[in-house]
Amino acid sequence: MPQVLGYTTMDSPIGPLLIASTENGLCFIEFGSEEQALPSLQRWCRKTFMGVSISRDDLGNQPVREQLDEYFAGRRKTFDIPLELYGTPFQKAVWTELTRIPYGETRSYKEIAISIGAAKAVRAIGGANNRNPIPIVVPCHRVIGSNGALVGYGGGLSIKEHLLALEGAHAVSVQGRSPKAVR
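Residues numbered from 1 in each chain as written. Predicted model: local features only at pLDDT ≥ 70, side-chain atom pairs only at ≥ 80, totals over all residues. Heavy atoms only, no water.

(A) Region of the structure containing the overall build of the chain. Helix and strand counts for the chain stand at six helices and eight strands. Starting at the N terminus and walking to the C terminus, you meet the elements of the chain as β-β-β-α-β-α-α-β-α-α-β-β-α-β. Against the globule reference of 16 Å for 183 residues, the chain gives a C-alpha radius of gyration of 16 Å, in line with a compact fold. Here the C-alpha coordinates of the chain stretch approximately 45 × 35 × 25 Å along the principal axes. Relative to its full complement of 183 residues, the chain shows a buried share of 49%. When contacts within the chain are restricted to residue pairs at least 6 apart in sequence, long-range pairs at least 24 apart make up 56% of them. If the 20 positive side-chain charges of the chain are averaged to one point and the 17 negative ones to another, these points end up 11 Å apart. (Helix = DSSP H or I, 4+ residues; strand = E, 2+ residues; numbered from the N terminus. Rg over C-alpha atoms; globule rule 2.2 N^0.38 Å. Buried < 20%, exposed > 50% of the residue type's maximum accessible area, 1.4 Å probe, protein only. Contact = heavy atoms within 4.5 Å. Lys, Arg positive; Asp, Glu negative; His and termini not counted. Charge placed at Lys NZ, Arg CZ, Asp CG, Glu CD.)

(B) Summary view of the packing of aromatic side chains. One pass over the structure, following the stated rule, counts eight aromatic pairs. Ring centres 5.4 Å apart and planes at 85 degrees place the aromatic pair Trp-44 and Phe-49 in the edge-to-face group. The same class applies to Trp-44 as to Phe-49, namely buried. Ring centres of Trp-44 and Tyr-86 lie 6.3 Å apart, and the angle between their planes is 70 degrees; on these two criteria the pair is classed as edge-to-face. With Trp-44 in helix H1 (residues 34–48) and Tyr-86 in the loop between helix H2 (62–72) and helix H3 (89–98), the pair connects residues that are 42 residues apart, well separated along the chain. Chaining the aromatic ring pairs together yields one cluster made of Phe-28, Trp-44, Phe-49 and Tyr-86. (Phe/Tyr/Trp six-rings, centres within 6.5 Å; stacked < 30°, edge-to-face > 60°.)

(C) Focus on the packing of H3 against helix H5 (residues 122–130). Look at H3 against H5: their axes get within 9 Å of each other, and the N-to-C directions meet at 80 degrees. Here H3 lies roughly perpendicular to H5, going by the angle between them. Residues Phe-90, Gln-91, Val-94, Trp-95 and Leu-98 of H3 form the contact with H5, whose participating residues are Ala-124, Ile-125, Ala-128 and Asn-129. Partitioned by chemical class, the residues of the contact of H3 with H5 number seven nonpolar, two polar and no charged. (Axes fitted to C-alpha atoms, helices over the stretch in contact; angles between N-to-C directions. Parallel < 35°, antiparallel > 145°, perpendicular 65-115°, else oblique. Nonpolar A, V, L, I, M, F, W, Y, C, P; charged D, E, K, R; others polar.)

(D) Main features of the UniProt feature "active site" (unreviewed entry) in the chain. The UniProt entry lists Cys-140 under the feature "active site" (unreviewed entry), expressed in the numbering used here. With respect to the helices and strands, the residue Cys-140 is situated in the loop between H5 and strand S6 (143–144). Apart from residues lying up to four places away in sequence, Cys-140 is in contact with Leu-98, Asn-129, Asn-132, Pro-135, Tyr-153 and Lys-160. (UniProt positions renumbered as here; feature names shortened; annotations may be inferred.)

(E) Spatial organisation of H3. Within H3, burial applies to Gln-91, Val-94, Trp-95, Glu-97 and Leu-98. Looking straight down H3, one finds its buried side chains confined to an arc of 160 degrees; they lie on one side. Buried residues along H3 sit in contact with helix H4 (109–115), H5 and S6. (Arc of directions from axis to C-beta.)

(F) Structural view of a positive patch on the surface. A contiguous patch of positive charge on the surface is contributed by Arg-43, Arg-46, Lys-47 and Arg-131. As for its placement among the helices and strands, Arg-43 is situated in helix H1. Given a relative accessible area of 42%, Arg-43 falls into the partly exposed group. (Patch = residues over 30% accessible without salt bridge, like charges linked within 9 Å, V, L, I, M, F, W, Y side chains within 5 Å. Areas by Shrake-Rupley, 256 points an atom, 1.4 Å probe, with all protein chains shown as cover. Salt bridge = Lys/Arg side-chain N within 4 Å of Asp/Glu carboxyl O.)

(G) Expanded view of the state of the cysteines. Overall, the coordinates contain zero disulfides when judged by the stated rule. Cysteine Cys-27 is unpaired, with the sulfur of Cys-45 as its nearest cysteine sulfur at 6.8 Å. Residue classification places Cys-27 among the buried positions, given a relative accessible area of 0%. Of the residues examined, Cys-45 reaches a relative accessible area of 3% and is grouped as buried. (Disulfide = S-S within 2.5 Å.)

Right, here's the structure in full:
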């Protein structure tokens, strides 16, 4: 377990982000300003670790910030920063599978369930997706309902739509709206 978790903040086209890493890799991204997101990081740390120290670390998180800036500018389609995933073995299997969804493509919860060999675990896939501590880099925004609807996203559906549009993914519909192609 890590002794220290270093965090930084950055502005992005979808609003401010808080980013946190251990010495081994990126482990947490939260939507919102430092004042809004730091309590979420603290809660997550209490649930995930015992006795970890949280401190500001702009320099240590600079590679993550740079890659996110490149992604938002449309110059990066994959991330090559080390990740440190904390979760159950099932959650880690789901999150690893999410990283295999190519830029600009989407998969349904059912397709993810089948691909990890848990075809009947569609709800559990949704739960793991919801608990993804590293949105954007572990692209849970690329997972949609089997009917093609853009359902559920921790940052809100407008952010999910923005990310899919940035990637040129063909989004189908947000609940209650008619389908459209996102460009």
